[in-house]
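Observations on chain architecture
Listed below, chain by chain, are the residues.
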Amino acid sequence: MKYKKALVTGGAGFIGSHLVEELLKNNVSVLVIDNLLTGKKTNLEGLKNLDVIYDDLGSDESIKQIENFNPEICFHLAAQSSVVISVEDPLLDFEHNLLQPIKLIQTLISTDCKKFVFSSSGGTIFGEPNII
């Protein structure tokens, strides 16, 4: 792998934790940020040489750590993905899915990050399939 330092947001989730594991196997230094709304600390158990911040990716502490870590690539998997929660609390959805990622991107501009990989689950993008 040509990258030495990777930021993984949502890295304690199912997909994120598997990505983190593969990055570590390829000798990539990894910083994980996860607020544990859906991710689990247990998904990262046993992984070594890993920096983890359990906080919102837009928090002052997270932003400071991202700047200090100075990633070369960011895998952005963090999101508030529950449709029920987005209907019940649209401001929370707005904060997690728009404001915090904008803050993240603004921060990454001042680092060595050259690639931003955005990932999303199909269910929240395309909705429920019509099954006849």
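Residues numbered from 1 in each chain as written. Predicted model: local features only at pLDDT ≥ 70, side-chain atom pairs only at ≥ 80, totals over all residues. Heavy atoms only, no water.

**Quick word on the pairing of strand β1 (residues 5–9)**
Short version of the rule: When accessible area is computed with a 1.4 Å probe and restricted to protein chains, residues below 20% of their type maximum are described as buried, those above 50% as exposed, and intermediate ones as partly exposed. What counts as a helix is a DSSP run of H or I of at least four residues, what counts as a strand is a run of E of at least two, and both are numbered from the N terminus. Strand pairing follows a simple DSSP-based rule, namely that at least 2 bridges must link the two strands. Place the viewer so that the strands point away; then a crossover is right-handed whenever the path from the first strand over the helix to the second strand goes clockwise.
Of all five residues that make up β1, four are buried, and the element is covered over most of its length. Two elements, β1 and strand β2 (residues 29–33), share five bridges in a ladder whose sense is parallel. Across the sheet, the residue bridging to Thr 9 is Ile 33, located in β2. Once the chain exits β1 it traverses helix α1 (residues 14–25) before rejoining the sheet at β2, and the crossover so formed is right-handed. When β1 meets strand β4 (residues 73–76), the two strands line up parallel, connected through four bridges. Bridge pairing in β4 links Leu 7 to Cys 74.

**A look at the layout of surface pockets**
Selection rule: A cavity, in this analysis, means grid points on a 1 Å lattice covering only the protein atoms where a 1.4 Å probe fits yet has no way out; a pocket is instead an open set bounded by protein on both sides within 12 Å along at least five of seven lines, and a residue lines either one if it has an atom within 4 Å of a point. Grid points are joined across faces, edges and corners, and a volume is the space filled by probe spheres set on the points. Classification convention: Asp, Glu, Lys, Arg as charged; Ala, Val, Leu, Ile, Met, Phe, Trp, Tyr, Cys, Pro as nonpolar; all other residues, Gly among them, as polar.
Taken as a whole, the largest pocket holds about 820 Å³ of empty space. In this structure, the largest pocket is lined by 36 residues; those nearest its centre are Leu 77, Ala 78, Ala 79, Gln 80 and Ser 81. Elements supplying a minimum of two residues to the lining of the largest pocket: α1, α3 (83–88), α4 (90–109) and α5 (122–126). The dominant element in the lining of the largest pocket, judged by the number of residues it contributes, is α4, at six residues. Of the residues contributing to the lining of the largest pocket, the split by class is 14 nonpolar, 18 polar and four charged.

**Some details on the nonpolar core**
Defined as follows: Residues belong to one nonpolar core when they are buried, are Ala, Val, Leu, Ile, Met, Phe, Trp, Tyr or Cys, and are joined through side-chain atoms within 4.5 Å. In this description, contact between two residues means that some pair of their heavy atoms is separated by no more than 4.5 Å.
Core analysis: the largest hydrophobic core is formed by 14 residues, its most contacted members being Val 20, Leu 23, Val 30 and Leu 50. Of all the elements in the fold, those that place two or more residues in this core are β1, α1, β2 and β4. Among the elements that line this core, the one with the most residues is α1, at three residues. Among all residues touching Leu 50, those that are not within four sequence positions of it are Val 20, Leu 24, Val 30, Val 32 and Leu 44. Counting 11 residues, the second-largest nonpolar core is a separate cluster that includes Leu 7, Ile 33, Ile 53 and Cys 74.

**Focus on the packing of aromatic side chains**
We apply this condition: Side-chain rings of Phe, Tyr and Trp (the six-membered ring for Trp) are treated as a pair once their centres are within 6.5 Å; stacked means planes under 30 degrees apart, edge-to-face means over 60, and tilted covers the remaining angles. Should the NZ of a Lys or the CZ of an Arg lie within 6 Å of a ring centre and within 35 degrees of the ring normal, that charge is described as sitting over the ring.
Going through the model one piece at a time under the given rule, you end up with zero aromatic pairs. Over the ring of Phe 69 we find Lys 5, and its NZ or CZ is 5.0 Å from the ring centre. Positioned above the aromatic ring of Tyr 54, the side-chain terminus of Lys 41 is 4.9 Å from the ring centre.

**Section: a nonpolar patch on the surface**
Put simply, the rule reads: Patches in this entry comprise residues that are over 30% relatively accessible and not in a salt bridge; like charges within 9 Å are linked, as are nonpolar side chains (Val, Leu, Ile, Met, Phe, Trp, Tyr) within 5 Å. Surface exposure here means Shrake-Rupley accessible area, sampled with a 1.4 Å probe, where a residue is shielded only by the protein chains that are shown. What counts as a salt bridge is simple: a side-chain nitrogen of Lys or Arg found within 4 Å of a carboxyl oxygen of Asp or Glu.
Taken together, the side chains of Ile 105, Ile 109, Phe 116 and Phe 118 make up a nonpolar region of the molecular surface, amounting to roughly 430 Å² of accessible area. Looking at the nonpolar patch, the elements that each hand over two or more residues are α4 and β5 (115–118). The residue Ile 109 is located in helix α4 in this model.

**What about the pattern of salt bridges?**
For the structure on display, the rule yields one salt bridge. Note that Glu 22 is salt-bridged to Lys 25, the shortest N-O span being 3.3 Å. Taken as a pair, Glu 22 and Lys 25 lie in helix α1 at a separation of three residues, close to a single helical turn. For Glu 22, a relative accessible area of 40% puts it in the partly exposed group. For Lys 25, a relative accessible area of 55% puts it in the exposed group.

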